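The primary structure of each chain is shown beneath.
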Amino acid sequence: PFFTFMGLILERSGMAEDLLDTIGQLFGPLRGGLAFAVIFVGALLAATTGVVAASVISMGLISLPIMLRYGYDTKLATGVIAASGTLAQIIPPSLVLIIMADQLGKSVGDMYAGAFIPGLTLTAFYVGYVILVAMFKPRWAPALPLEARTLRGGKLLLRALTTLVPPLMLIFLVLGTIFLGIATPTEGGAMGATGALMMALARQRLSWSLLRQAMETTAKLTTFVVFILVGARVFSLTFYGVDGHRWVEHLLTGLPGGEVGFLIVVNA
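Chemist: Help me understand unusual backbone geometry, please; the structure alone is not making it clear to me.
Modeler: Leave glycine aside and you will find that most residues have negative phi; peptide bonds, for their part, are mostly trans. In the Ramachandran plot, Gln204 falls in the positive-phi region, its phi being about 60 degrees despite a non-glycine side chain. Tracing the backbone shows Gln204 in the loop between helix 9 (185-202) and helix 10 (208-241). In this structure, Asp243 takes a positive phi of about 60 degrees despite not being glycine. Residue classification places Asp243 among the partly exposed positions, given a relative accessible area of 36%.

Next comes the structure, spelled out in structure tokens:
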């Protein structure tokens, strides 16, 4: 619940808009700069919110019209937004990883530590893809025209610092304390929620209506997750009752090619 609450407060307080605007200006002179900004912001939002819908909706509403206005290919623009939005599934703190930890009987901290490198690798692949598109199909990913780059020099640097430092501090507050063993994942979530409230307060965007909306949505999402866990438990008990797990295990361990064979079949 803390992670969800944190994500909703950050989304509603307009952090995504500020980040996209600033990073778009930073990467503006590069071909595919807006796409890089979307990927970078997607990774940042994933590491602070953990809520997929929040990332995709806010980035879709803000960046898609801008990308299309400046001549980006529709498929590339929508693809980049959808792909970078789903980074919230894998980059900690992720709701999916919390549910998986419960199902697998592992600690949430271990799941977070395990997912961190794959999440960053996936982000790097997205960036690599955009670089290739900008090289081979330059018309698909143009640079921002000069009149669209309103911030320059010292102003841009100051804006980048004031916009980027708080989310990065928040990421350290949440993930750093968990990885260093100072806080449990629940305590890390509570620290993140407090940090998000402080950020919203500092931006003068915290109001009773925003708080109420965030709390109500947190309650709804938490209830959804609890019911998923109840359903999963009922399903798994029935499945175990008829030895389904042994059947699946033998089916997969009997595949030719060992671990590589298993990976190929699962991906296919």
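So much for the structure itself; the text now carries on.
Chemist: Explanation requested: the side chain of Thr163 in the structure shown.
Modeler: With respect to the secondary-structure elements, Thr163 resides in helix 8 (residues 153-179). For Thr163, the side chain forms a polar contact with the main-chain oxygen of Arg159, separated by 2.6 Å. Setting aside residues no more than four positions away along its own chain, Thr163 makes contact with Asp18, Leu19, Thr22 and Arg203.

Chemist: Looking at this structure, how should I read a nonpolar patch on the surface?
Modeler: Judged by side-chain polarity, Ile131, Leu132, Met135 and Phe136 come together as a nonpolar surface patch covering roughly 440 Å² of accessible area. With respect to the helices, strands and loops of the structure, Leu132 is situated in helix 7 (residues 108-136). Look at Leu132 and you get partly exposed, because its relative accessible area is 46%.

Chemist: I would appreciate a short explanation of helix 8 in the present structure.
Modeler: Three- or four-residue spacings in an α-helix give side chains the same orientation, since the helix completes a turn every 3.6 residues. The end-to-end C-alpha distance of helix 8, which contains 27 residues, comes to 36 Å, matching closely the 39 Å that a straight helix rising 1.5 Å per residue would cover. At Leu173, helix 8 is bent by approximately 30 degrees, the largest bend along its length. Turning to helix 8, its buried residues are Leu156, Ala160, Thr163, Leu164, Pro167, Leu170, Ile171, Val174, Leu175, Gly176, Thr177 and Ile178. In this fold, the buried residues of helix 8 make contact with helix 1 (2-12), helix 2 (15-27), helix 3 (33-48), helix 7 and helix 9. Looking at the residues trailing helix 8, positive phi occurs at Gly181, about 80 degrees.

Chemist: What should I look at first to understand the packing of helix 3 against helix 8 in this one?
Modeler: A packed helix pair is summarised by two numbers, namely the angle formed by the two axes and the spacing between the axes. Closest axis-to-axis distance for the helix 3/helix 8 pair is 9 Å, and the angle between their directions is 40 degrees. It follows that helix 3 is oblique to helix 8 by the angle criterion. Between helix 3 and helix 8 lies a crossing whose hand is left-handed. Here helix 3 contributes Phe40, Leu44, Ala47 and Thr48 to the contact with helix 8, which in turn contributes Leu164, Pro167, Leu168, Leu170, Ile171 and Leu175. Here the residues of the contact of helix 3 with helix 8 are counted per class, giving nine nonpolar, one polar and no charged.

Chemist: How should the layout of surface pockets be read in this particular structure?
Modeler: Regions of empty space are outlined by a rolling probe, equal in size to a water molecule, passed over the atoms. When its volume is computed, the largest pocket comes out at roughly 340 Å³. Contributing to the lining of the largest pocket are 16 residues, with Pro1, Phe2, Phe3, Leu95 and Ile98 lying nearest its centre. Breaking the lining of the largest pocket down by element, the ones donating at least two residues are helix 1, helix 6 (95-104), helix 9 and helix 10. The dominant element in the lining of the largest pocket, judged by the number of residues it contributes, is helix 10, at five residues. Here the lining of the largest pocket is composed, by residue class, of twelve nonpolar, three polar and one charged.

Chemist: Can you walk me through the nonpolar core in this structure?
Modeler: Looking at soluble globular proteins, one finds that nonpolar side chains tend to be buried together. Residues Met6, Ile9, Leu19, Met67 and Tyr72 are the most contacted members of the largest nonpolar core, which totals 56 residues. The element that contributes the greatest number of residues to this core is helix 3, accounting for twelve residues. For Met67, the residues in contact, after removing those within four places along its chain, are Leu34, Ala35, Val38, Tyr72, Ala77 and Ile81.

Here is what the cut-offs are and how they apply
Residues numbered from 1 in each chain as written. Predicted model: local features only at pLDDT ≥ 70, side-chain atom pairs only at ≥ 80, totals over all residues. Heavy atoms only, no water. Helix = DSSP H or I, 4+ residues; strand = E, 2+ residues; numbered from the N terminus. Buried < 20%, exposed > 50% of the residue type's maximum accessible area, 1.4 Å probe, protein only. Polar contact = N/O pair within 3.5 Å; in protein donor to acceptor, adjacent residues only side chain to side chain. Contact = heavy atoms within 4.5 Å. Patch = residues over 30% accessible without salt bridge, like charges linked within 9 Å, V, L, I, M, F, W, Y side chains within 5 Å. Areas by Shrake-Rupley, 256 points an atom, 1.4 Å probe, with all protein chains shown as cover. Salt bridge = Lys/Arg side-chain N within 4 Å of Asp/Glu carboxyl O. Expected span 1.5 Å × (residues − 1). Bend = angle between axes of the 7 residues up to and from the residue. Axes fitted to C-alpha atoms, helices over the stretch in contact; angles between N-to-C directions. Parallel < 35°, antiparallel > 145°, perpendicular 65-115°, else oblique. Left-handed = near helix turned anticlockwise from the far one by under 90°. Nonpolar A, V, L, I, M, F, W, Y, C, P; charged D, E, K, R; others polar. 1 Å grid on protein atoms, 1.4 Å probe; cavity = no way out; pocket = protein on both sides within 12 Å on 5 of 7 lines; lining within 4 Å. Points joined across faces, edges and corners; volume = space filled by probe spheres on them. Core = buried A, V, L, I, M, F, W, Y, C linked by side-chain atoms within 4.5 Å.

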